[in-house]
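Here is how the chains run, residue by residue.
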Amino acid sequence: MAGSRIVSLGHYQPSRLVTNDDLAAIVDTNDEWIRDRVGIVTRRVAETESVADMATAAAGKALAASGLTAADIDMVVVATCSAIDRCPNTAARVAHRLGIAAPAAMDVNTACSGFSYALATADHAIRAGASRNAIVIGSEKLSDVTDWTDRSTCVLFGDAAGAAVLTATADGEEPGIGPVVWGSAPERGDVLKIEGWRPYIQQEGQAVFRWATTALAPLALQACERAGVAPTDIAAFVPHQANTRIIDGIVKRLNIPNAVIAKDIVESGNTSAASVPLALSKLVERREVPSGAPVLLFGFGGGLTYAGQVVRCP
Ligand code: UT7
């Protein structure tokens, strides 16, 4: 069975930059608290763009960089937990706007682990022969589901999209997307929710923090093991961007001394399902990871869900 690989990446962020001082003008917070406790300095907040607009922009860039055309794409998967427009789903909206005819089109909602879930879903479809070239996107407009009067959450999030074009590997070629390690702790789902009408993000921050810093490192190591890659060979680690202290806590337990550690949260905040492809796309754009090098992706969050895999850098 053929595997798949990432051919190209793209990302999109709205132009409106919101600083910590901007937020201190609307809720009782300050720059020092946000930098120290979370690591965020700025985030982008969409004004007119929808989840589908941002997804289309990111996917369009990834497609343009791939050497493929819309006619080659037969599957679009969008990871999002913030799309207000439900039907047509975001994937179909993106496909229509990019001129992709008749693709399998689906949205995946596993909150912040969504991109790794969506990537695995597309990879599995390619392995099964149900797709040959796919676009996988993480896109979030969290500003739509943020309570802007709640300082414990409104300082954390940002809006963005990131996308990857996948293609089937040639006969004999090493797969570029390793086996996924995915799962959830559904009995603990209440600690991070977006529910009710209108839906707002609510979380027990410390409970999520403890789970993330204790449960996830062994699972990320499992993703390396299943891919047959030694942690010391990992060239970059791109975890979900929720908190620099969480990232540091996980990194300490991974033994990945040669990895570039993605910390896009500093400039982009927590963009849920968009955070992993956004950070990866920026690392590649800045040429911080050589083509072909193994990169460990690991998403986690609402649900509580997690998913990760080792991919070869395009
Ligand atoms: O992406 C999905 C997954 N989500 C995560 O991984 C989030 C995980 N959790 C976290 O990253 C952290 O728990 C937070 C960043 C959400 C919060 O940091 P914390 O160090 O756990 O703070 P805390 O909630 O324990 O609050 C400490 C203090 C409280 O004041 P008192 O009770 O000690 O007087 C809060 O009221 O900080 C206060 N506080 C704030 N102060 C200034 C809470 N939010 C703010 C704020 N500005 N924005």
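Residues numbered from 1 in each chain as written. Predicted model: local features only at pLDDT ≥ 70, side-chain atom pairs only at ≥ 80, totals over all residues. Heavy atoms only, no water.

Caption draft 1: Looking closely at the environment of L98. Relative to the assigned elements, L98 resides in helix α4 (residues 90–98). Placed ten residues apart in sequence, L98 and V108 show a C-alpha to C-alpha distance of 19 Å. Leaving out residues up to four positions away in the same chain, L98 has contacts with T56, A59, G60, A70 and I135. (Helix = DSSP H or I, 4+ residues; strand = E, 2+ residues; numbered from the N terminus. Contact = heavy atoms within 4.5 Å.)

Caption draft 2: Expanded view of the pairing of strand β6 (residues 133–141). For β6, the tally of buried residues reaches nine of nine residues, placing the bulk of the element in the interior. As paired strands, strand β4 (residues 75–79) and β6 are joined by five bridges and run parallel to one another. If you follow V76 over to β6, its bridge partner there is I135. Sheet topology note: the β6/strand β7 (residues 159–168) ladder contains nine bridges and is antiparallel. Among the inter-strand pairings, I137 is bridged to a residue of β7, identified as A163. (Buried < 20%, exposed > 50% of the residue type's maximum accessible area, 1.4 Å probe, protein only. Pairing = 2+ DSSP bridges.)

Caption draft 3: How the structure looks around the sheet that holds strand β5 (residues 104–108). On the basis of which strands lie adjacent, the open sheet formed by five strands has the order β1-β7-β6-β4-β5 and mixed pairing. Looking at which strands have only one partner, the edges of the open sheet turn out to be β1 (4–12) and β5. Going across the sheet, the axis of each strand differs from the next one's by a mean of 15°, ignoring polarity. Bridging between β4 and β5 involves five bridges; their strand directions are parallel. From the neighbouring strand, M75 faces β5, where its bridge partner is A104. On top of the sheet, helix α5 (residues 114–127) reaches β1, β4, β5, β6 and β7; it is set at about 165° to β6, its chief contact. (Axes fitted to C-alpha atoms, helices over the stretch in contact; angles between N-to-C directions.)

Caption draft 4: View of the site of the ligand. Neighbouring residues of the ligand: 22 residues in total, closest T29, Q206, H240, N243 and N270. In the environment of the ligand, a nitrogen atom lies 2.9 Å from a nitrogen or oxygen atom belonging to the backbone of G205. Contact distances for the ligand include 2.8 Å between an oxygen atom and a side-chain N or O atom of H240. Its free accessible area being 960 Å², the ligand has 74% of it covered by the protein chains. (Near = heavy atom within 4 Å. Polar contact = N/O pair within 3.5 Å; in protein donor to acceptor, adjacent residues only side chain to side chain. Areas by Shrake-Rupley, 256 points an atom, 1.4 Å probe, with all protein chains shown as cover.)

Caption draft 5: Quick peek at the packing of aromatic side chains. Taken as a whole and judged by the stated rule, the model has three aromatic pairs. Ring geometry for F298 against Y306: centres 6.3 Å apart, planes inclined by 10°, an arrangement best described as stacked. The pair formed by F298 and Y306 is uniform in burial state, with each residue classed as buried. (Phe/Tyr/Trp six-rings, centres within 6.5 Å; stacked < 30°, edge-to-face > 60°.)

Caption draft 6: The nonpolar core, seen in detail. Counting 48 residues, the largest nonpolar core has L216, L296 and F300 as the members making the most contacts within it. Elements represented by at least two residues in this core include exactly α7 (205–227), α8 (244–252), β13 (294–301) and β14 (305–312). It is α7 that provides the largest number of residues to this core, a total of ten residues. Mapping this core onto the domain boundaries places at least three of its residues in each of domain 1 (4–168) and domain 2 (181–312). (Core = buried A, V, L, I, M, F, W, Y, C linked by side-chain atoms within 4.5 Å. Domains from an automatic or database assignment.)

Caption draft 7: Inspection of the pairing of β1 at higher detail. Across the nine residues that make up β1, a large majority, seven, are buried. Across eight bridges, β1 lies against β7 in antiparallel orientation. Directly across from S4, in β7, lies its bridge partner A168.

Caption draft 8: Main features of α4. Every buried residue of α4 is accounted for by T90, A91, V94 and A95. The buried residues of α4 occupy an angular sector of 135° when the element is viewed end-on, so they sit on one face. Packing partners of the buried residues in α4 comprise α3 (51–66), β4, β5 and β6. Two residues or fewer past α4, G99 is found with a positive phi of approximately 75°. (Arc of directions from axis to C-beta.)

Caption draft 9: Inspection of the side chain of N20 at higher detail. With respect to the helices and strands, the residue N20 is situated in helix α1 (residues 20–24). Judged by its relative accessible area of 1%, N20 falls in the buried class. Looking at N20, its side chain comes within polar contact range of the main-chain oxygen of I40, at 2.9 Å. Contacts of N20, omitting those with residues within four sequence positions, involve D31, I34, R35, I40, V41 and R43.

Caption draft 10: Geometry of the environment of C81. Along the chain, C81 turns up in the loop between β4 and α4. Here C81 falls in the buried class, since its relative accessible area comes to 16%. Put simply, C81 and V145 are 64 residues apart on the chain and 9.5 Å apart in space, counted from C-alpha to C-alpha. Aside from chain neighbours lying at most four places away, what touches C81 is N109, A111, E140, L142, I194 and S272.

Caption draft 11: Expanded view of the pattern of salt bridges. This structure, assessed with the given rule, holds eleven salt bridges. Taking the shortest distance from any N to any O, the salt bridge between R127 and D123 comes out at 3.0 Å. In this pair, R127 and D123 are both assigned in helix α5, four residues apart and thus about one turn of the helix distant. E288 is paired through a salt bridge with R286; the nearest N and O atoms lie 2.7 Å apart. By relative accessible area, which is 35% here, E288 ends up partly exposed. One connected set of salt bridges, linked through shared partners, spans D264, E267 and K282. (Salt bridge = Lys/Arg side-chain N within 4 Å of Asp/Glu carboxyl O.)

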